[in-house]
Amino acid sequence: SGAGFVRWIEYYDKGFWAALFPSEPKPETLRHYLPWWRGSAPLVTVSGGEAEHSVTTSRSQEFSLQVALAQKRELERRLVDYSLFGLPLQSQALFRTVMVVPIGIFLLVVLRNVVGVKTFGTFMPVLIALAFRQTGLVWGVAFLVLIIAVGLSIRFYLERLKLLLVPRLAAVVIVVVLTLVVLTIISHRLGIERGLSIGLFPIVIMTMTIERMTLVWEERGPLEAFQQAAGSLVVGTLCYFVMKVALIEHLMFVFPELLLLVLAATLLLVRYSGYRLVELPRFRVLAK
């Protein structure tokens, strides 16, 4: 289409160029016009004759899309810089594990408050699941059972010495570390590579688990102690399978705002006051 010329004045004020349109009733911005010529020199100069000129313009949708996409990519790049992708690779690897921990905790809340599974502590099964991510499920269960069995036997032996709480816990920590060393050396000599990851087990958590299991054993009997130990192992295994799902890990890392939904679901479960599933057989008579 034919394009008409509009003249305006540009002036420099306080470090910026501004435009003034004398012929326009309302001031307009330069984005409505295409600058074709600037300066005091004429657009066309003719000597010894006459000249006619016209300017034809047309919209280019493709060019507009390219500009819009370029601006969008620039915005995305800035957003990436202020996301988890802007962290160093080592920190990204750490947060890929950390971001799935709330999913395991939410599953733990469901299994404890709705199903009624008994476990040692509140977050110990989730920490067991984190350890299983490093050692693998089969070797992780084997190492965990061996370490707790050795630590539990030593703990019962230390009971005869009538030690105070802090020295007793310190002694159990030393025994757990020695057990880790022996198992790691034996597994290495046998060519079992998974054994080398055993040191990643949370030593303090296992120590407190041994102490808690001993107290439950003395107060409620061995059956209750083994029930809570089995429940912790089962919940840790389920959390391991859930936290290992690649899709969940990807979504939680790329969209960390999903943690708000997990938080909301957890707060809703806090208000749950109904019967737990394992309690239904006990209160079946009341249902009649």
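Given the structure is predicted, the values throughout are model-derived calculations rather than measurements. Residue positions within a chain follow its written sequence, with the count starting from 1. Per-residue local features of the predicted model are confined to residues with pLDDT of at least 70, and side-chain atom pairs are confined, for both listing and counting, to 80 or more; whole-chain, interface and lining totals are unaffected and use all residues. Just so you know, side-chain values use all the structure's heavy atoms and leave hydrogens and water out.

## What to know about the overall build of the protein
Helix and strand labels come from DSSP, where a helix needs a run of H or I of at least four residues and a strand needs a run of E of at least two; each type is numbered from the N terminus. In terms of regular secondary structure, the protein is built from 11 helices and 2 strands. Its helices and strands taken in sequence order, the protein reads β-β-α-α-α-α-α-α-α-α-α-α-α from the N to the C terminus. With a 1.4 Å probe rolled over the protein chains alone, any residue whose accessible area is under 20% of its type maximum counts as buried; one over 50% counts as exposed, and the rest are partly exposed. For the protein, buried positions account for 25% of its 288 residues. A separation of at least 24 residues holds for 67% of the contacts in the protein among residues at least 6 apart in sequence. In this description, accessible areas are obtained by the Shrake-Rupley approach with a 1.4 Å probe, and a residue is regarded as covered only by the protein chains that are shown. Accessible area of the protein: about 20,300 Å², with a carbon and sulfur share of 65%. In what follows, a contact means two residues having at least one pair of non-hydrogen atoms within 4.5 Å.

## A word on helix α3 (residues 101-115)
The span you would expect from a helix comes to 1.5 Å times its residue count less one. For α3, which comprises 15 residues, the first-to-last C-alpha distance of 20 Å matches the rise-based estimate of 21 Å (1.5 Å per residue) to within 8%. When we look at burial in α3, the residues that qualify are V101, I103, G104, L107, L108, V109 and L111. Looking at the buried residues of α3, the elements they touch are α2 (89-98), α4 (124-135), α8 (222-243), α9 (246-254) and α10 (258-270). After α3 finishes, the residue G116 shows a positive phi value of roughly 95°.

## Re the pairing of strand β2 (residues 16-20)
Where strand β1 (residues 9-13) and β2 come together, 5 bridges link them in antiparallel fashion. Residue Y12 lies in a different strand from β2, and its bridge partner there is W17. Counting the residues in the hairpin turn of β1 and β2 gives 2 residues, including K14, whose phi is positive at 55°. In this analysis, strands are considered paired if DSSP registers two or more bridges between them.

## Quick notes on the packing of aromatic side chains
In summary, the pairing rule links any two rings of Phe, Tyr or Trp, Trp by its six-membered ring, whose centres are within 6.5 Å, and it sorts them by plane angle into stacked for under 30 degrees, edge-to-face for over 60 and tilted for everything else. Inspection of every chain in the model, using the stated rule, returns 5 aromatic pairs. Taken together through their ring pairs, the aromatic side chains of F132, Y240 and F241 make up a single cluster. R96 extends its terminal NZ or CZ atom over the ring of F253, reaching a point 4.1 Å from the ring centre. Distance and angle both matter: a charge sits over a ring if NZ of Lys or CZ of Arg is within 6 Å of the ring centre and within 35 degrees of the ring normal.

## Quick notes on the confidence of the model for the protein
Per-residue pLDDT for the protein has a mean of 79; in total, 84% of the residues score no lower than 70. One number per residue, pLDDT, summarises how confident the predictor is, and it ranges from 0 to 100. Ranking the helices and strands of the protein by mean pLDDT puts α10 first, with 91, and helix α1 (residues 61-81) last, with 69.

## Observations regarding the layout of surface pockets
Put plainly, a pocket is an open set of points on a 1 Å grid over the protein atoms alone with protein on both sides within 12 Å along at least five of seven lines, a cavity is a set where a 1.4 Å probe fits but cannot get out, and a lining residue has an atom within 4 Å of a point. Grid points are joined across faces, edges and corners, and a volume is the space filled by probe spheres set on the points. The calculated volume of the second largest pocket comes to roughly 250 Å³. Around the second largest pocket, the lining comprises 15 residues; the ones closest to its centre are V145, I148, M213, A229 and L233. Counting only elements with at least two residues in the lining of the second largest pocket, the list comes to α4, α5 (137-159), α7 (203-220) and α8. Note on residue categories: nonpolar means Ala, Val, Leu, Ile, Met, Phe, Trp, Tyr, Cys or Pro, charged means Asp, Glu, Lys or Arg, and polar means any other residue, Gly included. Here the residues of the lining of the second largest pocket sort into 13 nonpolar, 2 polar and no charged.

## Thoughts on the packing of α4 against α8
The packing of two helices is summarised by the inter-axis angle and the distance between the axes. Fitted lines through C-alpha atoms serve as axes, helices being fitted only where they are in contact, and the angles separating the N-to-C directions of these axes extend from 0 to 180 degrees. Between α4 and α8, the shortest axis-to-axis distance is 8 Å and the interhelical angle comes to 55°. Relative to α8, the element α4 is oriented oblique. Relative to α8, α4 is oriented so that their crossing is right-handed. On the side of α4, the interface is formed by M124, P125, V126, A129, L130, F132 and R133, while α8 contributes S232, L233, V235, G236, T237, C239, Y240 and M243. For the contact of α4 with α8, the residue count by class is 11 nonpolar, 3 polar and 1 charged. Put simply, angles under 35 degrees are roughly parallel, angles over 145 are roughly antiparallel, angles from 65 to 115 are roughly perpendicular, and the rest are oblique. For any helix crossing, the convention is left-handed if the near helix is rotated counterclockwise from the far helix by under a right angle, and right-handed if that rotation is clockwise.

## Observations concerning the pattern of salt bridges
When a carboxyl oxygen of Asp or Glu lies within 4 Å of a side-chain nitrogen of Lys or Arg, that pair is called a salt bridge. Applying the stated criterion across every chain yields a total of 3 salt bridges. Here R133 and E249 are joined by a salt bridge, their closest N and O atoms 3.7 Å apart. In this pair, R133 is assigned in helix α4 and E249 in helix α9, connecting sequence segments 116 residues apart. Accessibility expressed as a relative area gives 24% for R133, which makes it partly exposed.

## Description of unusual backbone geometry
At K14, a residue that is not glycine, the phi angle is positive and equals roughly 55°. With respect to the helices and strands, the residue K14 is situated in the loop between β1 and β2.

## Section: the nonpolar core
Working definition of a nonpolar core: buried Ala, Val, Leu, Ile, Met, Phe, Trp, Tyr and Cys residues. They are joined through side-chain atoms within 4.5 Å. Membership of the largest hydrophobic core comes to 30 residues, with the highest contact counts inside it found for V176, C239 and M243. Within the residue set of this core, elements represented by two or more residues are α3, α4, α5, α6 (165-189), α7 and α8. Examining the composition of this core, we find that 6 residues originate from one element, α5, more than from any other. Once you skip the residues sitting within four places of it in the chain, V176 turns out to touch I147, I203, M206, T207 and I210.

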